[in-house]
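Listed below are the residues making up each chain.
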Amino acid sequence: DLGSIVPFYVWFILMQSDQKFGKALSILRMIRLVRLFRIFKLGRYSSGLQLVIQAMRKSSQAAIVLTVFLGIGIVVFSSLIFYVEKLGCPYRHAL
C-alpha cells in the first residue's frame, strides 16, 4: 500500500523544487506502471473480472467491425464537409 502512494509524494516534492529531474520522473512513471500491472494480477482471482474479460474476448469481432464502420464514416463525412466548406470559401481558386 505504501508503494502505491509514495510516487505521488515524490513527484510532488520534485515538482516543488526548481531543479530539473527528468530522469527521476521517468522512473516514477515506471513505478506507476507497476501499480497498473498489480491490478491485472489481481484479476486472475476475481470471478467478476474474469467474466468481463471473457465477454470482451467474445465481443471483440463486433467491436472491430464497429471501429471499421466508424472509421469509414469519419473519412466520408469529413471529406464531404471539406468540399462543402471549400465551395463557400471566397478564395477557392487558390485552393
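Since we're looking at a predicted model, the values are computed, not measured. (Residues numbered from 1 in each chain as written. Predicted model: local features only at pLDDT ≥ 70, side-chain atom pairs only at ≥ 80, totals over all residues. Heavy atoms only, no water.)

### A closer look at the overall build of the protein
A tally of helices and strands in the protein yields four helices and zero strands. Secondary structure elements of the protein, listed N to C terminal, follow the sequence α-α-α-α. Within the protein, the fraction of its 95 residues that count as buried is 5%. (Helix = DSSP H or I, 4+ residues; strand = E, 2+ residues; numbered from the N terminus. Buried < 20%, exposed > 50% of the residue type's maximum accessible area, 1.4 Å probe, protein only.)

### Quick look at the packing of aromatic side chains
One pass over the full model with this rule turns up one aromatic pair. Ring centres of F82 and Y83 lie 5.2 Å apart, and the angle between their planes is 75 degrees; this geometry places the pair in the edge-to-face category. For F82, a relative accessible area of 49% corresponds to the partly exposed category. (Phe/Tyr/Trp six-rings, centres within 6.5 Å; stacked < 30°, edge-to-face > 60°.)

### Points about a nonpolar patch on the surface
A cluster of nonpolar side chains, contributed by I64, V65, V68, F69, I72, V76, F77, L80 and V84, occupies part of the molecular surface with about 890 Å² of accessible area. Residue placement: V76 occurs in helix α4 (residues 60-87). (Patch = residues over 30% accessible without salt bridge, like charges linked within 9 Å, V, L, I, M, F, W, Y side chains within 5 Å. Areas by Shrake-Rupley, 256 points an atom, 1.4 Å probe, with all protein chains shown as cover. Salt bridge = Lys/Arg side-chain N within 4 Å of Asp/Glu carboxyl O.)

Read these as spatial facts, not as claims about activity.
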